[in-house]
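For reference, the chains in residue letters:
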Amino acid sequence: MSDPDADSPDAGSDPAVGASDATLADSHTEMTEMLLPNDTNNLGRALGGAVLHWMDVCGAIAGMRFSSRQVVTASMDHVDFIAPIEMGEVVVIEGYVFNTGRTSLDVKVEVHAENPRTGEERRTTASYFTFVALDEEGRPTEVPDLACPTDAEEALRTRAVEGRREQLREVVERYDL
Ligand SMILES: CCCCCCCCCCCCCCCC(=O)SCCNC(=O)CCNC(=O)[C@H](O)C(C)(C)COP(=O)(O)OP(=O)(O)OC[C@H]1O[C@@H](n2cnc3c(N)ncnc32)[C@H](O)[C@@H]1OP(=O)(O)O
């Protein structure tokens with residue numbers, strides 16, 4: 001989040017968005033945590049499972065904001081922890097819906113760590129989740145179509161689609177599948 005305004009999905013709106021549509025900006029979710037001892041390992045760094053938990057909750061909130069439904073996590077893509085998070089650092093988790101099926105939503109979730117004293121920040125992980133919206137009886141139910149009425153939203157959508165493709169390609173190459 002080095003420049004949150006540069007490609008903010010909330011910038012501008014389009015009155016032409018249909019009644020059965022929801023926008024990427026509608027789903028946009030940002031959570032801020034501080035890494036405390038309960039979520040660290042013996043090195044004083046974030047437990048992978050704690051980070052996954054925050055990512056899951058952030059993605060679910062994005063899915064619920066988008067669909068106005070309860071959602072459940074159906075799947076999570078590959079996750080690489082590319083940089084450690086140190087105790088006392090601020091953790092910013094950001095998610096948004098970038099693709100929809102009939103009852104499913106794809107959500108990109110990205111995590112940055114921030115040193116609160118220096119302001120230095122770095123990307124620590126990102127992944128792609130699929131959530132499924134449920135009706136009152138707990139059955140999969142239709143979600144709105146995704147609309148990206150602003151250039152910023154369209155750019156984020158494209159970045160997520162291409163990022164997911166690239167991440168899956170890297171995993172296939174890494175394991176020589
Ligand atoms: C707003 C009001 C809220 C009020 C209330 C507040 C409560 C606030 C609590 C929130 C708290 C946070 C929540 C955190 C999120 C959890 O932690 S949820 C817990 C962990 N997840 C689960 O327990 C899910 C367990 N799995 C299931 O229940 C079922 O497999 C599923 C996911 C519902 C799918 O059921 P199914 O019978 O396979 O359904 P089916 O009709 O075949 O497929 C439905 C869709 O799912 C897709 N799908 C199925 N399996 C998969 C898969 N493995 N991968 C990808 N897609 C899949 C299908 O492709 C299909 O997509 P569409 O083509 O319709 O777009």
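Quick note: structure is the one above.
Residues numbered from 1 in each chain as written. Predicted model: local features only at pLDDT ≥ 70, side-chain atom pairs only at ≥ 80, totals over all residues. Heavy atoms only, no water.

Enquirer: Talk me through unusual backbone geometry; I want residue IDs and the actual numbers.
Expert: Here the phi dihedral of serine 68 falls at roughly 55°; this positive angle occurs in a residue that is not glycine. Looking at where serine 68 falls in the secondary structure, it is placed in the loop between α2 (48-67) and β3 (70-76). Judged by relative accessible area, which is 65%, serine 68 ranks as exposed. A positive phi angle is found at aspartate 176, which is not glycine, with a value near 55°. Mapped onto the elements, aspartate 176 comes out in the segment after α3 (151-174). Overall, aspartate 176 belongs to the exposed group, its relative accessible area being 70%. (Helix = DSSP H or I, 4+ residues; strand = E, 2+ residues; numbered from the N terminus. Buried < 20%, exposed > 50% of the residue type's maximum accessible area, 1.4 Å probe, protein only.)

Enquirer: Go over the site of the ligand with me, naming the residues and quoting the values.
Expert: Around the ligand, the structure places 17 residues, and the nearest of them are Thr73, Arg102, Thr103, Ser104 and Val132. In the environment of the ligand, an oxygen atom lies 2.8 Å from a nitrogen or oxygen atom belonging to the backbone of arginine 102. Measuring from an oxygen atom of the ligand, one finds a side-chain N or O atom of serine 104 at 2.6 Å. Burial of the ligand by the protein amounts to 44% of the accessible area it has alone, namely 1300 Å². Breaking the shell around the ligand down by element, the ones donating at least two residues are α2, β3 and β6 (121-134). It is β3 that contributes the most residues to the shell around the ligand, five residues altogether. (Near = heavy atom within 4 Å. Polar contact = N/O pair within 3.5 Å; in protein donor to acceptor, adjacent residues only side chain to side chain. Areas by Shrake-Rupley, 256 points an atom, 1.4 Å probe, with all protein chains shown as cover.)

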